[in-house]
Amino acid sequence: MPATFTESNTVERFIVKQLTGVNLNDSSWAQEPEPTYGTGGASAGPPRWRYVPPSALAREETSVLLEADVKKALIRLNPSIQAQPARADEVIYKLRAVIGAVADEGLVGANERFGKWLRGEHSLPFGPDGQHETIHLLDFRDPRRNDYVVTTQLHVRTGTELKIPDVVLFVNGIPLVLGEAKTPVRPAISWLDGAHEVHHVYEPAITPFFVPNLLSFATEGKELFYGGVRTPLDFWAPWRLEDDAPDALAKLVGIQEVGKQLASLLRPETLLDFLQHFTFYATTPKGQKVKVVARYQQVEGANAIVARVVDGQVKKGLLWHFQGSGKSLLMVFAAQKLRRHPALASPTVVIVVDRTDLDTQISSTFTMGGVANMVNAENIAGLRDLLEKDARKIIITMMHKFQDAPPNLNLRHNIILLVDEAHRTQEGDLGSRMREALPNAFLFGLTGTPINKRDKNTFAAFGSETDAGGYLSRYTYPDSLRDKQTLELRFEPRLPNIRLDKEKMDLAFAELTNDLEEGDKNTLSKKAAQLATFLKAPKRVRAIAEDIVQHFLSQVAPHGFKGMVVAPDREACILYKNELDALLPAEASAVVISTTANDSKEFKALWALDTQQQAKLLARFNDPNDPLQLLIVTAKLLTGFDAPVLQTMYLDKSLKDHTLLQAICRTNRLFPRKTFGRVVDYFGVFDDTGRALAFDEETMAKVVASMAQYKADLPDLVDTALSHFPNVDRTLIGFEGLEAAQNCLPDNAARDAFAADYGVLNRVWEALSPDSALAPFRTDYRWLSQIYTSVRPTGTDDGRLLWFALGGATTQLIHENMYVEGVNPHLDPLVLTPELVEGLMRTPDKVKHLVTEIAGRLGGHGANPVFLALSERLEKVRERAEKGLISSIDFIKELCQLATETLEAEKAAMQTATESAPAALPPAKTAESALTELFQEVRSPDTPAIVERIVKDIDAIVRKVRFPSWQTSTEGKRLVGKSLRETLLRYQLHKDQDLYAKAYGYIEQYY
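Residues numbered from 1 in each chain as written. Predicted model: local features only at pLDDT ≥ 70, side-chain atom pairs only at ≥ 80, totals over all residues. Heavy atoms only, no water.

**A word on the overall build of the protein**
Working step 1: When helices and strands are tallied, the protein shows 38 helices and 29 strands.
Working step 2: Counting across all 1007 residues of the protein, residues that qualify as buried make up 50%.
Working step 3: Intrachain contacts of the protein at a sequence separation of at least 6 include 73% that bridge at least 24 residues.
Working step 4: By element, 53% of the accessible surface of the protein is carried by carbon and sulfur atoms, the whole surface being about 46100 Å². (Helix = DSSP H or I, 4+ residues; strand = E, 2+ residues; numbered from the N terminus. Buried < 20%, exposed > 50% of the residue type's maximum accessible area, 1.4 Å probe, protein only. Contact = heavy atoms within 4.5 Å. Areas by Shrake-Rupley, 256 points an atom, 1.4 Å probe, with all protein chains shown as cover.)

Here it is in structure tokens:
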């Protein structure tokens, strides 16, 4: 008879076998003898679990603790109780009281109180003369002195409720872990069913049993997830092994893989580490107590920091953990463990941020969790005072507060700096001052966005050459998606259809500027063409606001989510607010912008928010039931703002690199029933998203190596720049010193020579900053910089006075002659999948190469008017793309069209030159031959060799979906584009945007 696979004989018993070595499917298994506890010497071996059947446990069904085992542990671990064993009963009585109080204070509160007993944070007057002594329920220093018991099918009763958890793990008689196993052979059953049983059935029914609980886990033999008491199922986390490939996009499923994860998570040492350092209790703004159990990437990252500090050999490290994956909590866990580590002798941990919003976010995270010995440096003097007085605390501060810190402010070696969002924007001189003030400190940079070539000095400043790829710890976007720690990001391009009546506008502009010089006309025209003029056109803002409302009410609000509108600037925020108020109740949206001292009283009265007002507003936004549904911002809240209810960002602003990635990741936080974060793109930012994710570790390795050469060159570069000022006393201040220096540069030739040498020095200085190697040269460099600024030619006003006089009228002229024909909702959406991210990060930007190639071909034909006209078109297309007036996709399409016309013009020119030999002319192209030529031209080792089949597939499907004049129809373009993309996907060519654009261009021409 075939074997029957059940929940019990597969997953449940596999867990027992994995932890204890006992195979319950073998009827001959024997119960192990009672363990003996030694002093924990090397001969004792690692701590291990032993299986005890539930019938052999000395307990009643209503008992939470194995009280006999608890008593033995108290006697074994506490000399004062060993001297008087009756004292153990007094401790157990107090533990029972904590468990019994759960009905009054709630499960999380009681769990937190019991956790303090477990961590040895309580004492009793058991010492000589009634002195208080710490009570140890567990031995953290030598885990081998604890007793580890696994049992199955344990009967637990509370009142009339009887529940039978599959697996329970006791340590010294205390149930620290509960596990639920589900069958691996029923497709409708998953780990989630087990987690649901723990959270929705066991915890409410047998609540007292969970008061000592460290964590619970669930598995069906394919995946393993765990969570703390009352943790919503959306926030249960997987456990990965430290040696998992960091770029793996999916895990092998199977009982053996889960077995490895179980053995790692449930190692006695791992559980004790969790209990001491990786649980966190916080109080939400609504006063609700929650328990947070660290995710594996937080454990790995924090432990990597601690291990490096304890080792003491390498004094820096760079950690990249993707936006939304819990970087703030990683810092909490690392700070707690560093502060408690006995080998570090009460260190100082300094959390450094560069923006007020991050300061507020991280301070509130630490404060909500009641982290001990935490202080916020209120100002520059406050930070200096804390460091001068050698405060042994966790200090949270902002980078700018180091600006007046003197060198060698504190020379202690056990100071650890954790620098949040460690990019060059917060480095430079302030970073150098921080390092000079604390020269012996450990320095760890943490970031939520991948470092790219523009941030090459971040690798040098924080990354160690001992770390693979330059990172001490790395948790990527694909990792966070795989682990369900963040949500998938989707882009929906909805670009406004804008048309300018150029002829009418030119006439009006000529009349307006009739009395101006030609140069002034050109200046005014250029400034009027700036992007802001178009973005804030009332017709455009109105069309987008109408589209936002329609999209929000149909796609976002019905699901219980909220949105954010990101406008180009503060004025645009107010324009959007006015338009939205005409379509929605005023309370449905709110503007969050910064105000300055130069703003009028009226402006401040309308839009200024103090810290308390902003906090209340954001609390309302975070409340799913509050009528506030849309926030309108331009710079605020794009980083450091955590609102899980935010699902859709309406983006109408050019954002670059890290700022872009941080902004769009506001939408990827976990929230009930939320399956993805969405960016509705009215500006066209996808290419910038690709650049924000792009980084090249090979290049980084070269960059880090080149920093050593920069350091070696620095003294000579400073001397070369100073050589322009022989015999000048650089200690002279005021106009005498400036005049003496400027006299050494009497003419343009001398000034140009100095500028060239200073420029080289400046580039090397910026690349090295904030390396401590700069410190000896800082005074000279500052002096040289001031002299350079004083002799640099001043520019004109760039037409600012002219714009002040006529700009309003010119802008009105453009707005009056602009026609916005709605928003295009038919553009293909884009899902930022792990595969796409990987492609973006590894594929170079081909568009620039295409522009260069076309320009080069056109430039080789002298004054030929056909090629001059094409050159002019190329330049106009490029300018429009730079100003954001066309989408990146349309830009590529136009480039491909220009490339096609350039080739045709070249062939025509060749034909003219060889008219005497008509027989040599190639035959006219057919649709299929044109596509074949394209695919043969772009074929590479990565491109399939079966070009003929690709072309036939494209030809067949395009002929099927096209219709007459499809090129002028939005629906026709969409159908053909979608069909082409599907065909390219079949041959795994869908990531090559350049190839898609060229192929589409050929189809438009020949079909």
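From this point, things continue past the structure.
**Re the sheet that holds strand β14 (residues 316-321)**
Working step 1: In spatial order, the strands read β16-β17-β15-β18-β19-β14-β20; together these seven strands make up an open sheet with parallel pairing. Two strands lie at the open edges of the sheet, namely β16 (374-376) and β20 (473-475), each paired on one side alone. Direction aside, the axes of adjacent strands within the sheet are offset by 15° on average.
Working step 2: Where strand β15 (residues 348-353) and strand β17 (residues 394-398) come together, five bridges link them in parallel fashion. Bridge pairing in β17 links V349 to I394. (Pairing = 2+ DSSP bridges. Axes fitted to C-alpha atoms, helices over the stretch in contact; angles between N-to-C directions.)

**A closer look at the packing of helix α20 (residues 538-556) against helix α21 (residues 570-581)**
Working step 1: Two elements in contact, α20 and α21, have axes whose closest approach is 9 Å; the angle formed by their N-to-C orientations is 55°. Here α20 lies oblique to α21, going by the angle between them. The two elements α20 and α21 meet at a crossing, and its hand is right-handed. Together, R540, V541, R542, I544, A545, I548 and V549 of α20 and L575, Y576, E579 and L580 of α21 make up the contact between the two elements.
Working step 2: Split into classes, the residues belonging to the contact of α20 with α21 amount to eight nonpolar, no polar and three charged. (Parallel < 35°, antiparallel > 145°, perpendicular 65-115°, else oblique. Left-handed = near helix turned anticlockwise from the far one by under 90°. Nonpolar A, V, L, I, M, F, W, Y, C, P; charged D, E, K, R; others polar.)

**Some details on the nonpolar core**
Note on soluble globular proteins: their nonpolar side chains tend to be buried together.
Working step 1: In terms of nonpolar packing, the biggest core is built from 113 residues, with V91, F274 and I305 touching the most fellow members.
Working step 2: The dominant element in this core, judged by the number of residues it contributes, is helix α11 (residues 327-340), at eight residues.
Working step 3: Sequence-distant contacts of I305, defined by excluding residues within four places in its chain, comprise L319, L330, A334, L338, L418, F444 and L472.
Working step 4: Core analysis: the next-biggest nonpolar cluster, separate from the first, contains 86 residues, V565, I632, V680 and V823 among them. (Core = buried A, V, L, I, M, F, W, Y, C linked by side-chain atoms within 4.5 Å.)

**Some points on the pattern of salt bridges**
Working step 1: In the structure shown here, the tally under the stated rule is 38 salt bridges.
Working step 2: Residues R144 and D142 are paired through a salt bridge, measuring 3.2 Å at the closest nitrogen-oxygen approach.
Working step 3: By relative accessible area, which is 29% here, R144 ends up partly exposed.
Working step 4: On the accessibility criterion, D142 (11% relative accessible area) is buried.
Working step 5: For the salt bridge of K182 with E180, the shortest nitrogen-to-oxygen distance reads 4.0 Å. For the pair formed by K182 and E180, the shared burial category is buried.
Working step 6: Here the salt bridges share partners, and the residues they tie into one network are R240, D479, R482 and D483. (Salt bridge = Lys/Arg side-chain N within 4 Å of Asp/Glu carboxyl O.)

**Re the sheet that holds strand β9 (residues 215-219)**
Working step 1: Spatially, seven strands are ordered β1-β4-β7-β8-β9-β10-β11 in an open sheet, and the strand pairing comes out mixed. In the strand order of this sheet, the two ends are held by β1 (50-51) and β11 (237-238), each with one partner.
Working step 2: The pairing of β1 with strand β4 (residues 148-152) spans two bridges and is classified as parallel. Directly across from R50, in β4, lies its bridge partner V149.

**Details of the packing of aromatic side chains**
Working step 1: For the structure shown, the criterion picks out 19 aromatic pairs.
Working step 2: Arranged with centres 6.1 Å apart and planes meeting at 40°, the rings of F754 and Y758 form a pair that is tilted. Of this pair, F754 and Y758 both sit in helix α28 (residues 748-768), separated by four residues, roughly a single helical turn. Side by side, F754 and Y758 carry an identical accessibility label, which is buried. (Phe/Tyr/Trp six-rings, centres within 6.5 Å; stacked < 30°, edge-to-face > 60°.)

**Here's the deal with α20**
Working step 1: With 19 residues, α20 extends 25 Å between its outermost C-alpha atoms, agreeing within 8% with the 27 Å of an ideal straight helix rising 1.5 Å per residue.
Working step 2: Those residues of α20 lying buried are R540, V541, A543, I544, A545, D547, I548, V549, H551, F552 and V556. (Expected span 1.5 Å × (residues − 1).)

**Here's the deal with the confidence of the model for the protein**
Working step 1: In this model, the protein carries a mean pLDDT of 80, and residues with pLDDT of at least 70 account for 73%.
Working step 2: When the elements of the protein are averaged for pLDDT, helix α31 (residues 834-842) gives the smallest value, 52, and strand β7 (residues 167-171) the largest, 98.
Working step 3: Predicted confidence is poor over residues 38-43, with pLDDT under 50, and the contacts of this stretch with residues over four places away or in other chains come to seven contacts. (pLDDT = per-residue confidence, 0-100.)

**Some thoughts on the side chain of H199**
Working step 1: Structurally, H199 can be placed in helix α7 (residues 191-205).
Working step 2: Assessed through its relative accessible area of 8%, H199 is described here as buried.

**Considering helix α13 (residues 380-388)**
Working step 1: Within α13, burial applies to L383, L386 and L387. An end-on view of α13 places all buried positions within 95° of arc, on one side of the element.
Working step 2: Where α13 is buried, its residues touch β16 and β17.
Working step 3: You can read the cap of α13 off the contacts: a side-chain oxygen lies 3.3 Å from the backbone nitrogen of A381, and it is on N379. (Arc of directions from axis to C-beta. Polar contact = N/O pair within 3.5 Å; in protein donor to acceptor, adjacent residues only side chain to side chain.)

**Observations concerning unusual backbone geometry**
Working step 1: Located in the positive-phi region is D129, a residue other than glycine, with phi close to 55°.
Working step 2: For D129, the location among the structural elements is in the loop between β2 (123-124) and β3 (133-134).
Working step 3: D129 sits in the exposed class, given a relative accessible area of 80%.
Working step 4: Although it is not a glycine, Q153 sits at a positive phi angle of roughly 50°.

**A closer look at the pairing of strand β8 (residues 174-181)**
Working step 1: By the criterion of burial, β8 is predominantly enclosed, with eight of the eight residues buried.
Working step 2: Strand direction decides the pairing type here: β7 and β8, joined by five bridges, are antiparallel. Looking at β8, one finds that L169 is bridged to V177.
Working step 3: The turn joining β7 and β8, which pair antiparallel and follow one another in sequence, is formed by two residues; a positive phi near 55° is taken by N172.
Working step 4: Strand direction decides the pairing type here: β8 and β9, joined by five bridges, are parallel. Considered in β9, the bridge of A181 is made with T219.

**Quick look at the side chain of T648**
Working step 1: Position of T648 among the secondary structure elements: in strand β26 (residues 646-651).
Working step 2: Ignoring any residue separated from it by four or fewer positions in sequence, one finds T648 in contact with H551, V556, K562, G563, M564, T667, R678 and V680.

**Remarks on the pairing of β17**
Walk down a regular strand and you will see the side chains alternate between the two sheet faces.
Working step 1: By the criterion of burial, β17 is predominantly enclosed, with five of the five residues buried.
Working step 2: The two faces of β17 match: I394, I396 and M398 on one face and I395 and T397 on the other face are all buried.
Working step 3: The pairing of β16 with β17 spans three bridges and is parallel. Across the sheet, V375 pairs through a bridge with I395, a residue of β17.
Working step 4: Handedness of the β-α-β unit built from β16, α13 and β17 comes out right-handed. (Right-handed = clockwise from strand over helix to strand, strands pointing away.)

**A short note on the environment of G159**
Working step 1: Mapped onto the elements of the fold, G159 is located in the loop between β5 (156-158) and β6 (161-163).
Working step 2: A relative accessible area of 61% places G159 in the exposed class.
Working step 3: For the pair G159 and I206, spaced 47 residues apart in the sequence, the C-alpha separation amounts to 8.6 Å.

**Brief notes about the environment of G677**
Working step 1: Tracing the backbone through its elements, the reader meets G677 in strand β27 (residues 676-681).
Working step 2: The exposure class of G677 is buried, given its relative accessible area of 0%.
Working step 3: Separated by twelve residues in the primary sequence, G677 and C665 have C-alpha atoms spaced 7.9 Å apart.

**Thoughts on the packing of helix α4 (residues 87-100) against helix α6 (residues 107-118)**
Working step 1: Put simply, α4 and α6 touch, their axes get as near as 9 Å, and they point 160° apart. One element, α4, and the other, α6, form an angle in the roughly antiparallel class. Of the two elements, α4 crosses α6, and the hand of that crossing is left-handed. Contact residues: V91, K94, L95, V98 and I99 in α4; A110, R113, F114 and W117 in α6.
Working step 2: Its residues assigned to classes, the contact of α4 with α6 comprises seven nonpolar, no polar and two charged.

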